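Spelled out, the chains give:
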Amino acid sequence: MKIRFSITLKGCAIAVMLASAGSAAAATTLNALFMTQAAYSENDIRAMTQEFQKSHPDVQVNLEFVPYEALHDKIVAARGAGGNGYDVVLFDAIWPAEFTKFDLLQDVSSRIPADEKAQIFPGAMNTVVFNGKTLGMPWILDTKYLYYNKAMLEKAGITTPPQTWQQVIDDSRIIKQKNIVKYPLVWSWSQAEALVCDYTTLVSGFGGKFYENGKLDFSSPASLQAVKLMKSSLDEGLTNPASREYLEEDVRKAFSNGDAAFALNWTYMYNMANDPKQSKVAGQVGIVPAPGDAPGKFGAVNGSMGLGIAKGSSHPEQAWQYISYMTSQPVQNKYATLSLPIWKSSYQDPAVLKNQESLIAAADKSLNVMLSRPETADYSRLSNTLQQQLQQVLVGSATPDAAMQTVDKSAARLR
């Protein structure tokens, strides 16, 4: 009896071990690609993912973080990896045309109910839609805002934040003349996509667009006005010359260190610049929509991003479960201090509004006027040319007119 009982226990133990092994083997592993720049922090994304895994113990998510500048090429390079590549990828609003052409993401149109779409800002949904295909769920709803140092403006005798770009320049002159700060303005003008975003914000504020009669046009009055403002602010010593090498995080750090009166940056900077643990100007941070060329006019770039399922993913169902969780309203509301929710009703949630009423007020105006960068399958090549030519102007090697004509010629050769 004892022997048979012992064998039975051993058999049960083996059965349990085998069942456990089978369960572990059955777990699905997802590979997800994110960026380490602006919007949600790496720690936040890890925390979101851990919460997802608690409610989905059969799914393990491997996270990879790269700088924004490497994100596009990582997605493209992985297309030949098939099921060994990424399952979930973060993609920018400027890539759907290219990704549709080369079939890099799965069409998830049938996965999103119409009533759910109606609850999302149209500008956010437009981020992930191209030619009738929905390539993912919008996740980051973002544009650039004008930040200002309240104490510096007060010290300069400036009682209200600027309402036009001319007023920004005029106020910067006053601040510089009074030696309040050496360089009142700071931007992200490194030869990268950040430079295109700042330029687009200015073009939008001056009432411009990128297409004229169906053709790309970078020599429009608004475009030239934008480039001339950028160059003249450098020549006059109003813009920090290091801006030509700065990305968004450099701008945040300079502003938070008290080295600028004005800065153009994404949503995430608002709460970080107001955090006394990482900012010397906490409590003195003002925010308004990026201005235009007249009071009541605003400029904005569509800097939104989405989460999509890679075409070669072997686990589309689990990938969609993860995307659905990450983009859900409860999760977005919980982490709304670094990226505003895509959900309309979130803006009536007291928890979302708390301590960021000024940000929400600016977003209410900016998110309705966002200008999209050109939608073309050759966007990467076009952007590289635009970055190069803008840099040529900023370092004094080309005039705004000549540089933009060069961009026009390059744009005319796009497929």
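Notes on the structure in this doc start here. (Residues numbered from 1 in each chain as written. Predicted model: local features only at pLDDT ≥ 70, side-chain atom pairs only at ≥ 80, totals over all residues. Heavy atoms only, no water.)

**Regarding empty space enclosed by the protein**
Counted according to the given criterion, the structure contains two cavities of 30 Å³ or more. Estimated volume of the largest cavity: approximately 150 Å³. Taken together, 16 residues form the lining of the largest cavity, with Met35, Tyr68, Glu248, Trp266 and Met305 sitting closest to its centre. Examining the composition of the lining of the largest cavity, we find that three residues originate from one element, helix H9 (residues 193-205), more than from any other. Tallied by class, residues from the lining of the largest cavity come to nine nonpolar, two polar and five charged. As a volume, the second largest cavity reaches approximately 30 Å³. Every residue along the wall of the second largest cavity is listed here: Met35, Ala38, Ala39, Tyr40, Ile45, Leu90, Trp139 and Ile140. (1 Å grid on protein atoms, 1.4 Å probe; cavity = no way out; pocket = protein on both sides within 12 Å on 5 of 7 lines; lining within 4 Å. Points joined across faces, edges and corners; volume = space filled by probe spheres on them. Helix = DSSP H or I, 4+ residues; strand = E, 2+ residues; numbered from the N terminus. Nonpolar A, V, L, I, M, F, W, Y, C, P; charged D, E, K, R; others polar.)

**Topic: the side chain of asparagine 240**
By the secondary structure assignment, asparagine 240 is in the loop between helix H10 (221-235) and helix H11 (248-256). Residue asparagine 240 is classed as buried on the basis of its relative accessible area, which comes to 13%. The residues touching asparagine 240, leaving out its near neighbours within four places in the chain, are Tyr183, Leu185, Leu234 and Tyr246. (Buried < 20%, exposed > 50% of the residue type's maximum accessible area, 1.4 Å probe, protein only. Contact = heavy atoms within 4.5 Å.)

**Here's the deal with the sheet that holds strand S13 (residues 305-309)**
Strand order in the open sheet formed by five strands is S2-S1-S3-S13-S6, and the pairing between neighbours is mixed. Pairing within the sheet leaves two strands with one partner each, and these edge strands are strand S2 (59-66) and strand S6 (137-140). Each neighbouring strand pair of the sheet contributes to a mean axis angle of 30 degrees, computed without reference to strand direction. Here three bridges tie S6 to S13, and the two strands are oriented antiparallel to one another. Bridge pairing in S13 places methionine 137 opposite leucine 307. Relative to the sheet, helix H2 (residues 42-55) contacts strand S1 (28-35), S2 and S6, its axis offset from that of S2 by approximately 170 degrees. Contacts from helix H3 (residues 68-77) reach S1, S2, strand S3 (88-92) and S13, with the element oriented near 135 degrees to S1. (Pairing = 2+ DSSP bridges. Axes fitted to C-alpha atoms, helices over the stretch in contact; angles between N-to-C directions.)

**Thoughts on the packing of aromatic side chains**
According to the stated counting rule, one finds 13 aromatic pairs in the structure shown. Between the aromatic rings of tryptophan 165 and tryptophan 187, the centroid separation amounts to 5.6 Å while the plane-to-plane angle is 25 degrees, which identifies the pairing as stacked. One end of the pair, tryptophan 165, is in helix H8 (residues 165-177); the other, tryptophan 187, is in the loop between strand S8 (185-186) and H9, with 22 residues separating them in the sequence. For the residue pair tryptophan 165 and tryptophan 187, the accessibility class agrees, reading buried in each case. Positioned over the ring face of phenylalanine 102 is arginine 79, at 5.4 Å from the centre of the ring. (Phe/Tyr/Trp six-rings, centres within 6.5 Å; stacked < 30°, edge-to-face > 60°. Lys NZ or Arg CZ within 6 Å of the ring centre and 35° of its normal.)

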